[in-house]
Amino acid sequence: MKTAGIRTTFAAALAVCALALAGANYARAQKDDRGSIQREVLHELRMLPYYTVFDDLEYKVEGGHVTLSGDVTNPTLKSDAVAAVKSINGVTEVTDNIKVLPLSPDDNRIRQAEYRAIYGEPQLSKYGWASVQGIHIIVDNGHVTLKGDVDNQGDRNVANIRANGVPGVFSVENQLTVHGEH
């Protein structure tokens, strides 16, 4: 009789351990899925054919729900981004908070001038070598926002100075982050 009680207690303890292990594996799998979805979203957004230095796409993943945000110059880019993210395995819902910037000849002139001012600076030209440039220039009705990552505070400051030197700009908001300081 005592042996049966010990076996029952041992079996119960073993079952509790198995459930705990299964729960830990489930939590790890969910975390891996979220990380996998994040990597896939980043990849899909970077591969969009109309994504340029004048656009900024951001995203947030919560389980299978992805929220897209940012600013784009081309309405096609907005719809392509939503469609690409919806096609990712594991994504169940996409919220589209992407803003299409207004068409403006003045903003287009400022974009080109900002590009030359920033990427024409030898210290900053290295950020233009990648397929997706490191410094994004968002122009909305004469207001400029710099987004992206730079290597150091000096590069961040030089980008800000160069952006502020462009004629016709009403304001510059420097949202550049320095690698490792996020």
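In this text the structure is predicted, and so the values were computed from the model without any measurement. (Residues numbered from 1 in each chain as written. Predicted model: local features only at pLDDT ≥ 70, side-chain atom pairs only at ≥ 80, totals over all residues. Heavy atoms only, no water.)

Student: So what exactly am I meant to see when it comes to the environment of M47 here?
Tutor: Mapped onto the fold, M47 is located in the loop between helix 1 (2–46) and strand 1 (56–62). Looking at M47, the relative accessible area reads 54%, which means it is exposed. A sequence separation of 37 residues divides M47 from A84, and the C-alpha atoms of the two residues are 9.5 Å apart. (Helix = DSSP H or I, 4+ residues; strand = E, 2+ residues; numbered from the N terminus. Buried < 20%, exposed > 50% of the residue type's maximum accessible area, 1.4 Å probe, protein only.)

Student: How do you make sense of the environment of S171 when you look at a structure like this?
Tutor: Tracing the backbone shows S171 in strand 6 (residues 171–178). Not counting the four nearest positions on each side in its chain, S171 is found in contact with G142, H143 and V144. One polar contact links S171 to H143, side chain to side chain, over a distance of 2.7 Å. (Contact = heavy atoms within 4.5 Å. Polar contact = N/O pair within 3.5 Å; in protein donor to acceptor, adjacent residues only side chain to side chain.)

Student: Would you take a moment to explain the nonpolar core for this structure?
Tutor: Soluble globular proteins tend to pack their nonpolar side chains together in the buried interior. I118, Y119, I135, I137, V144 and L146 are the most contacted members of the largest nonpolar core, which totals 23 residues. Elements with a minimum of two residues in this core: helix 3 (105–119), strand 4 (135–140), strand 5 (143–150), helix 4 (153–164) and strand 6. Ranked by residues supplied to this core, first place goes to helix 3 with 5 residues. For I135, the residues in contact, after removing those within four places along its chain, are V53, I118, Y119, Y127, L146, K147, V150, A159 and L176. Listed in part, the 20 residues of the second largest apolar core include V72, V94, I98 and V132. (Core = buried A, V, L, I, M, F, W, Y, C linked by side-chain atoms within 4.5 Å.)

Student: Please explain the side chain of D107 as it appears in this structure.
Tutor: Mapped onto the elements of the fold, D107 is located in helix 3. With residues near it in sequence (within four places) discarded, D107 still touches P102, V139, D140, N141 and G142.

Student: Before we go on, may I ask you to explain the sheet that holds strand 5 in this structure?
Tutor: Strand pairing in a sheet relies on backbone hydrogen bonds. The paired strands run either parallel or antiparallel. Strand order across the open sheet formed by 3 strands is 4-5-6, with mixed pairing between neighbours. In the strand order of this sheet, the two ends are held by strand 4 and strand 6, each with one partner. Looking at each pair of strands side by side, their axes are set apart by 10 degrees on average, direction ignored. Pairing between strand 5 and strand 6: 8 bridges, direction parallel. What sits directly across from L146, in strand 6, is N174. Along the sheet face, helix 3 touches strand 4 and strand 5 and points at about 155 degrees away from the line of strand 4. The sheet contacts of helix 4 involve strand 4, strand 5 and strand 6, and relative to strand 6 the element is tilted by about 165 degrees. (Pairing = 2+ DSSP bridges. Axes fitted to C-alpha atoms, helices over the stretch in contact; angles between N-to-C directions.)

Student: Could you clarify how one ought to interpret the pattern of salt bridges in this entry?
Tutor: Two side chains that carry opposite charge are able to pair once their charged atoms sit near each other. Evaluation of the coordinates by the stated rule reveals 8 salt bridges. The residue E121 makes a salt bridge to R162 at a minimum N-O spacing of 3.6 Å. With E121 in the loop between helix 3 and strand 4 and R162 in helix 4, this residue pair connects regions lying 41 residues apart in the sequence. Classification of E121 as buried rests on a relative accessible area of 19%. With its nearest N and O atoms 3.3 Å apart, the salt bridge here joins K126 to D151. In this pair, K126 sits in the loop between helix 3 and strand 4 while D151 sits in the loop between strand 5 and helix 4, placing the two residues 25 residues apart along the sequence. For D151, a relative accessible area of 39% translates into the label partly exposed. Three or more residues are tied together by salt bridges with common partners; here these are D56, E58 and K147. (Salt bridge = Lys/Arg side-chain N within 4 Å of Asp/Glu carboxyl O.)

Student: How do you make sense of the pairing of strand 5 when you look at a structure like this?
Tutor: Strand residues, when the strand is regular, have side chains that alternate between the two faces of the sheet. Where strand 4 lies against strand 5, 6 bridges are found, and the strand directions are antiparallel. Its bridge partner lying in strand 5, I135 is registered against G148. Taken together, strand 4 and the strand that follows it, strand 5, pair antiparallel across an intervening segment of 2 residues, in which N141 is found at a positive phi of about 55 degrees. In this fold, strand 5 hands off to helix 4, which returns the chain to strand 6; that crossover is right-handed. (Right-handed = clockwise from strand over helix to strand, strands pointing away.)

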